[in-house]
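# Coordinate analysis (summary)
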Amino acid sequence: MEAKTGTLYLCATPIGNLKDITERVLETLGAVDLIAAEDTRNTLRLLNHYGIRKPLTSYHEHNKYEKARELIDRHLLQGEDIALVTDAGTPVISDPGEVIARECIEQGIRVTSLPGACALITALTMSGMDARRFCFEGFLPPDKKERAHVLLRLAGEERTTIFYEAPHHLKGTLQELLDAAGDRKVTLCRELTKKFEEAVPTTLQGAVDYYRENEPRGEYVLVVAGADPAALSRKEEKKWEAMSIPEHMALYEEQGLSRKDAMKQVAKDRGVSKRDIYAALLPEDGSKE
C-alpha cells in the first residue's frame, strides 16, 4: 500500500490586527507537525499570543527552491502536515509560497488554502473603486525591462489595478505610474486594520504633489482606477488617423492577413465601412476588391 502523504495548509494570518485570524487557522496551526514561516520571529509572536507551541522553520524568498524540496521530501512525503504562513496576509499571493504549492500539486500532494486576511482585497473593498473587474500586480518588478513592460500595459488597462509599495519607494513609484497611465484616480491605503488605518482617495498627480512635501509612512496598497474605454478608443483612432490607409493596410498584410481581411480590420480600426476603405484604395486596387 502506498504511504499517505501529508497536507500543505496555506494559512492566512493577520495583516495588522491580531484578531483578524479565523478559528480554523488557529486550529490548524495547533494541529500540524511543522509551521513554515517567512520570518520565524514574527510568526512566533503570533503563536505566543494565541498560546500555540509548534516547531517552526524558515521559508522565504532566498531559500524557496531548496527549502521547498526539503519540506516535501523530509516532511510531506513522510506523511507530516505543514502549515505555510507569511508575515501578514494570504500565502502564495506575490510570495515564495507559490513555489512549494506548485511542486506539491505536481507531485499529487494535497494543498488547501485557509482563507482570511488579504491586504489587496481589504484595500480594494474600502477604496470605492470599481471592484467588478480588477487585476493585482503586487510590487513592481525590480528588473528594468520587466518593470517597463508592466507600466506599458497599465496605460491601456481598463480594470482597477492594485499595487503594493514600501514607503521608501513610494514617491518614485507614484511618478512612474503617473508617467505611464496619465492622471487617474488612486486610493492610497496604509496601516490597514491598525489603529491609524487610512484610505486616501486622490489622483496620481495629487499623490505625487503631496509626497513631494511629505514623507511616506507605513506599507502602502495603491488602488489605481482603470483607463477610460472611451478615451482609449479616441486615442486609438488618432493613432490610425496619423497613418495613411495604404500604410494601415500594409501593417496587417505584413502580419499575414489577406487583402480582404486587412480591409475589414482597417475599417474597424477607423470606425468606417469596408466600402470606404475600398474606395480610398481604388487608384491602387482598380476594379478588384
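So, here's what we can say about the structure. The model shown is predicted, which means the values in this text are computed figures rather than measured ones. (Residues numbered from 1 in each chain as written. Predicted model: local features only at pLDDT ≥ 70, side-chain atom pairs only at ≥ 80, totals over all residues. Heavy atoms only, no water.)

## Quick notes on the state of the cysteines
Put simply, the test is: The criterion for a disulfide is a pair of cysteine sulfur atoms lying within 2.5 Å. When accessible area is computed with a 1.4 Å probe and restricted to protein chains, residues below 20% of their type maximum are described as buried, those above 50% as exposed, and intermediate ones as partly exposed.
Enumeration according to the criterion identifies zero disulfides in this entry. You can see Cys-104 has no disulfide; the closest cysteine sulfur is in Cys-11, sitting 13 Å from it. You can see Cys-135 has no disulfide; the closest cysteine sulfur is in Cys-118, sitting 14 Å from it. Relative accessible area serves as the criterion here: at 11%, Cys-135 is assigned to the buried category.

## Re the pairing of strand E1 (residues 7-11)
Condition: Labels follow the DSSP assignment, with helices taken as runs of H or I lasting at least four residues and strands as runs of E lasting at least two, numbered in each case from the N terminus. Pairs of strands are assigned from DSSP output, requiring at least two bridges between the strands.
The element E1 is largely enclosed, with a buried count of five among its five residues. Burial along E1 is two-sided: the residues Thr-7, Tyr-9 and Cys-11 and Leu-8 and Leu-10 are all buried. As paired strands, E1 and strand E5 (residues 110-114) are joined by five bridges and run parallel to one another. In the strand pairing of E5, Thr-7 is matched with Arg-110.

## Digging into the side chain of Asn-63
Short version of the rule: Whenever a nitrogen or oxygen atom comes within 3.5 Å of another N or O atom, the pair is scored as a polar contact, on the condition that within protein one atom can donate a hydrogen and the other can accept it, and that pairs from neighbouring residues in sequence are kept only if both atoms are in side chains. Contacts are residue-level and defined by heavy atoms, with any inter-residue pair within 4.5 Å sufficient.
Locating Asn-63 in the fold gives a position in the loop between strand E3 (56-58) and helix H3 (64-74). Residue Asn-63 is classed as buried on the basis of its relative accessible area of 13%. Of note is the side chain of Asn-63, whose polar atom sits 2.8 Å from the backbone nitrogen of His-60. If sequence neighbours within four positions are ignored, Asn-63 has contacts with Ser-58 and Ala-68.

## As for the environment of Thr-202
Positionally, Thr-202 belongs in strand E9 (residues 198-203). Exposure remark for Thr-202: the relative accessible area of 25% places this residue in the partly exposed category. For the pair Thr-202 and Arg-184, spaced 18 residues apart in sequence, the C-alpha to C-alpha distance is 8.7 Å. Other than its neighbours up to four places away in sequence, Thr-202 contacts Arg-184, Lys-185, Val-186, Leu-188 and Ala-207.

## A closer look at the sheet that holds E5
Put simply, the rule reads: The axes used here are C-alpha line fits, helices contributing only the stretch in contact, and every angle between their N-to-C directions lies in the interval 0 to 180 degrees.
With parallel pairing, five strands are arranged side by side in an open sheet as E3-E2-E4-E1-E5. A strand with exactly one partner marks an edge of an open sheet, and here the two such strands are E3 and E5. Within this sheet the neighbouring strands show an average axis-to-axis angle of 25°, counted without direction. Relative to strand E4 (residues 82-85), E1 runs parallel, the two sharing three bridges. By the bridge assignment, Leu-8 is partnered in E4 with Ile-82. Contacts from H3 reach strand E2 (34-37), E3 and E4 within the one sheet, and its direction differs from that of E3 by about 150°.

## Describing the environment of Arg-132
On the secondary structure map, Arg-132 appears in the loop between helix H5 (119-127) and strand E6 (134-138). The exposure class assigned to Arg-132 is exposed, which follows from its relative accessible area of 69%.

## Topic: the packing of helix H7 (residues 170-181) against helix H8 (residues 204-213)
To keep it simple, the criterion reads: Roughly parallel means an angle under 35 degrees; roughly antiparallel means over 145; roughly perpendicular covers 65 to 115; every other angle is labelled oblique. Helix crossings are classified by the rotation of the near helix relative to the far one: an anticlockwise turn of less than a right angle makes the crossing left-handed, while a clockwise turn makes it right-handed. Charged residues are taken to be Asp, Glu, Lys and Arg, nonpolar residues to be Ala, Val, Leu, Ile, Met, Phe, Trp, Tyr, Cys and Pro, and polar residues to be all remaining types, Gly included.
Axis separation between H7 and H8 bottoms out at 9 Å; the angle between their running directions is 150°. By the angle between their axes, H7 is roughly antiparallel relative to H8. The element H7 and its partner H8 pack so that their crossing is left-handed. Note on element contacts: H8 touches H7 through Leu-204, Gln-205, Ala-207, Val-208 and Tyr-211, opposite Leu-170, Lys-171, Leu-174, Gln-175, Leu-177 and Leu-178. Classifying every residue of the contact of H7 with H8 by side-chain character gives eight nonpolar, two polar and one charged.

## Quick word on the pattern of salt bridges
As a reminder of what qualifies: What counts as a salt bridge is simple: a side-chain nitrogen of Lys or Arg found within 4 Å of a carboxyl oxygen of Asp or Glu.
Per the stated rule, a full pass over the model turns up twelve salt bridges. For the salt bridge of Glu-70 with Arg-74, the shortest nitrogen-to-oxygen distance reads 3.7 Å. You can see Glu-70 and its partner Arg-74 sitting in helix H3, four residues apart, about one turn around the helix. Judged by relative accessible area, Glu-70 falls into the partly exposed class, the value being 31%. Through salt bridges with shared partners, a single network forms among Arg-69, Asp-73 and Glu-103.

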